[in-house]
Amino acid sequence: MEPPALSTEREAAQRGMTLMELVLAIAVVGIGLAGILVAFNQAVFRSADPLVRKQMLAIAEEMMEETRLKPFAPAANAAPAACARNTYNDVDDYNGYAAAAVCDIDGNAMASLAAYGVAVAVTAANLPNGVAAKRIVVTVSHGGDTLTLTGYRTDWAA
């Protein structure tokens, strides 16, 4: 028997990757991983937006309900202090209300809602069937985002 050729032995022993193949594989995996992480980062960055939007809607709905529950006809009242609304006794009193932070009806600022602002505008309106109404627009802001809720109050009690 003749010993195997040296070149055949070397070919059989080399069962790995060359340095060039290894560098290329690392580069391809790194680029792919970077793309996936960028997409993941965008998803995580925007994940708080639904929470902020839902909180803005809850604030707007609360203010709209508070306003719509007041009597339709104007009545004399005392001027409120700061962002308090405890002296408001009719829908028109809310016209022009604006607070840089959300307050309870007594004017106590809510620390957990300090980043939200709320404003209310009340204007006279006539519905298509000729019924007198008041149009209530509640605007809640948070940073650069705003949410506007519009409702109507009629004199249904008359």
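You'll find the structure just up there.
Residues numbered from 1 in each chain as written. Predicted model: local features only at pLDDT ≥ 70, side-chain atom pairs only at ≥ 80, totals over all residues. Heavy atoms only, no water.

Observations regarding the sheet that holds strand S2 (residues 116–126)
Turning to step 1, where the next piece is worked out: On the basis of which strands lie adjacent, the open sheet formed by 4 strands has the order S1-S2-S3-S4 and antiparallel pairing. Each having just a single partner strand, strand S1 (98–99) and strand S4 (145–154) make up the two edges of the open sheet.
Turning to step 2, where the next piece is worked out: Looking at chain direction, S1 and S2 are connected through 2 bridges and run antiparallel. From the neighbouring strand, Ala99 faces S2, where its bridge partner is Val118.
Turning to step 3, where the next piece is worked out: Along the sheet, helix H3 (residues 49–68) contacts S2, strand S3 (132–142) and S4; its crossing angle with S4, the most-contacted strand, is approximately 25°. (Pairing = 2+ DSSP bridges. Helix = DSSP H or I, 4+ residues; strand = E, 2+ residues; numbered from the N terminus. Contact = heavy atoms within 4.5 Å. Axes fitted to C-alpha atoms, helices over the stretch in contact; angles between N-to-C directions.)

Digging into the pattern of salt bridges
Turning to step 1, where the next piece is worked out: The tally for this structure, following the rule as stated, stands at 2 salt bridges.
Turning to step 2, where the next piece is worked out: With a closest N to O distance of 2.6 Å, Glu66 and Arg85 form a salt bridge. Of this pair, Glu66 sits in helix H3 while Arg85 sits in the loop between H3 and S1, and the two are 19 residues apart along the sequence.
Turning to step 3, where the next piece is worked out: A relative accessible area of 11% means that Glu66 is categorised as buried.
Turning to step 4, where the next piece is worked out: With its nearest N and O atoms 2.7 Å apart, the salt bridge here joins Asp92 to Lys134. Residue Asp92 is found in the loop between H3 and S1, and its partner Lys134 is found in strand S3; the two are separated by 42 residues along the sequence.
Turning to step 5, where the next piece is worked out: Asp92 sits in the partly exposed class, given a relative accessible area of 29%.
Turning to step 6, where the next piece is worked out: The buried category is assigned to Lys134, whose relative accessible area is 8%. (Salt bridge = Lys/Arg side-chain N within 4 Å of Asp/Glu carboxyl O. Buried < 20%, exposed > 50% of the residue type's maximum accessible area, 1.4 Å probe, protein only.)

Some thoughts on the environment of Met110
Turning to step 1, where the next piece is worked out: Tracing the chain through its elements places Met110 in the loop between S1 and S2.
Turning to step 2, where the next piece is worked out: A relative accessible area of 33% means that Met110 is categorised as partly exposed.

Some points on the side chain of Thr67
Turning to step 1, where the next piece is worked out: Relative to the elements of secondary structure, Thr67 occurs in helix H3.
Turning to step 2, where the next piece is worked out: A polar contact is formed between the side chain of Thr67 and the backbone oxygen of Met63, at a distance of 2.8 Å. (Polar contact = N/O pair within 3.5 Å; in protein donor to acceptor, adjacent residues only side chain to side chain.)

Structural notes on the state of the cysteines
Turning to step 1, where the next piece is worked out: As enumerated under the stated definition, the model contains 1 disulfide in all.
Turning to step 2, where the next piece is worked out: Here Cys83 pairs with Cys103 through a disulfide, and the sulfurs are 1.9 Å apart. A torsion of -95° about the S-S bond marks the disulfide between Cys83 and Cys103 as left-handed. Separated by 20 residues along the polypeptide, Cys83 in the loop between H3 and S1 and Cys103 in the loop between S1 and S2 bring together distant segments of the chain.
Turning to step 3, where the next piece is worked out: Overall, Cys83 belongs to the buried group, its relative accessible area being 11%.
Turning to step 4, where the next piece is worked out: When its relative accessible area of 8% is taken as the criterion, Cys103 is described as buried. (Disulfide = S-S within 2.5 Å.)

Let's talk about the packing of aromatic side chains
Any two aromatic rings considered together are summarised by their centre-to-centre distance and by the angle between their planes.
Turning to step 1, where the next piece is worked out: Counting across every chain of the model gives 2 aromatic pairs.
Turning to step 2, where the next piece is worked out: Here Tyr88 and Tyr94 contribute two aromatic rings whose centre-to-centre distance is 4.7 Å and whose plane-to-plane angle is 80°, an arrangement assigned as edge-to-face.
Turning to step 3, where the next piece is worked out: With a centroid separation of 6.3 Å and 90° between ring planes, the pair formed by Tyr88 and Tyr97 is classed as edge-to-face. Tyr97 shares its class with Tyr88; the two are buried.
Turning to step 4, where the next piece is worked out: Connected via pairs of aromatic rings, a cluster forms that spans Tyr88, Tyr94 and Tyr97.
Turning to step 5, where the next piece is worked out: Just above the ring of Phe72 sits the side chain of Lys134; from NZ or CZ to the centre is 4.4 Å. (Phe/Tyr/Trp six-rings, centres within 6.5 Å; stacked < 30°, edge-to-face > 60°. Lys NZ or Arg CZ within 6 Å of the ring centre and 35° of its normal.)

Functional significance is not addressed by these values, which are geometric in nature.
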